[in-house]
Amino acid sequence: MQNYMKLELAALSENESFARSAVAAFALPLSPSFSDLSDIKTAVSEAVTNCIVHAYKGGEGRIVIECRIEKAPRGGILHIVITDYGCGIEDVEEAMTPFFTTLENDERSGMGFTVMQTFSTFFKVESELGKGTRVIMQKAVGM
Amino acid sequence: MQLTFRVDGRQLTFYLSGELDEHAASSVRRLADDTIDEHSYADFVLFDLSNVGFMDSTGIGFLIGRYKKCKRYSIPAYIKNPNPSADKILSISGVYTLIPKI
Ligand SMILES: Nc1ncnc2c1ncn2[C@@H]1O[C@H](COP(=O)(O)OP(=O)(O)OP(=O)(O)O)[C@@H](O)[C@H]1O
Ligand SMILES: [Mg+2]
């Protein structure tokens, strides 16, 4: 059977550390390197932070994190899907541009999506205005 | 996240430790800014990251924010001792062009 997990969290910044650690711990059976683990933690942290500060703008909301392991002869692929039901993104392509941010006054650098993209093997964003956003990432681990 | 600082003559060093994410940054921003205000005579400011175990783009925003604050006093800022994962995200985001690593 394929291993998977599903985690639902309140959109609170105090959950950021728990969320990234939980995903990293889930990946441990794939024998990730230290650098793989830190890439996974950073990418998850970026996506979860975006749900909190952008999707729900600091207000109430829920974040769903789903992970699945696809085993390979050596190591495997960690699939991560992070979903929010917040405001959605008007123009995903523009949002993914390095340094683009809608929260300039909050000391945002606009690098979150760029970091997720760089730290994962596959990366995709789906979003609908008023409905929410889904970040889909894959990370090849221990291969 | 903890933030402490040390003053050696006209050198102000911030020691950051723990995890620098959105949750953490909001709690130390004020202290960092007040400290820079109080030491606006400094010749340079160092951010010692040796005890930062985790950092995401919020950390980048935090460092650039403090860099801008220092710049208002014309104080150059530098980054010291980032661990390999902090180093990776700092390089990708081009932070070192504003706050060089020494
Ligand atoms: N889950 C989301 N819901 C709604 N809007 C989002 C979401 N994620 C990102 N965005 C939008 O995309 C923009 C870019 O996101 P990105 O993470 O790259 O930068 P940032 O969050 O603004 O800054 P940083 O991540 O560097 O702190 C955001 O400013 C925001 O407008
Ligand atoms: Mg972001």
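All figures in this text were calculated on a predicted structure; none of them were measured in a lab. (Residues numbered from 1 in each chain as written. Chains lettered and ligands numbered in written order. Predicted model: local features only at pLDDT ≥ 70, side-chain atom pairs only at ≥ 80, totals over all residues. Heavy atoms only, no water.)

**Student:** Would you explain the overall build of chain B in this entry?
**Tutor:** Along the backbone of chain B there are four helices and four strands. N-terminal to C-terminal, the α/β element order of chain B is β-β-α-β-α-β-α-α. Its C-alpha atoms give chain B a radius of gyration of 12 Å, within 12% of the compact-globule value 13 Å for 102 residues. Across the 102 residues in chain B, those meeting the buried criterion constitute 51%. Residue pairs in contact within chain B that sit at least 24 positions apart in sequence constitute 70% of those at least 6 positions apart. Within chain B, one finds 12 positive and 12 negative side-chain charges whose respective centroids are separated by 6 Å. (Helix = DSSP H or I, 4+ residues; strand = E, 2+ residues; numbered from the N terminus. Rg over C-alpha atoms; globule rule 2.2 N^0.38 Å. Buried < 20%, exposed > 50% of the residue type's maximum accessible area, 1.4 Å probe, protein only. Contact = heavy atoms within 4.5 Å. Lys, Arg positive; Asp, Glu negative; His and termini not counted. Charge placed at Lys NZ, Arg CZ, Asp CG, Glu CD.)

**Student:** For this particular structure, what's the right way to read the interface of chain B and chain A?
**Tutor:** Think of interface size as the accessible area that goes away when the parts come together; that is how it is often given. The interface is formed by 20 residues belonging to chain B together with 23 residues belonging to chain A. Both sides of the chain B and chain A interface together cover about 1,700 Å² of buried area, and 51% of this is carbon and sulfur. Broken down residue by residue, the surface that chain B buries against chain A is led by B:E22, B:F54 and B:I92, which jointly contribute 28%. Counting across the chain B and chain A interface gives six salt bridges. For the salt bridge of B:E22 with A:R108, the shortest nitrogen-to-oxygen distance reads 2.3 Å. For the interface between chain B and chain A, the tally reads 13 residue pairs in polar contact (both at pLDDT 80 or more). (Buried area = accessible area lost by both parts, 1.4 Å probe. Salt bridge = Lys/Arg side-chain N within 4 Å of Asp/Glu carboxyl O. Polar contact = N/O pair within 3.5 Å; in protein donor to acceptor, adjacent residues only side chain to side chain.)

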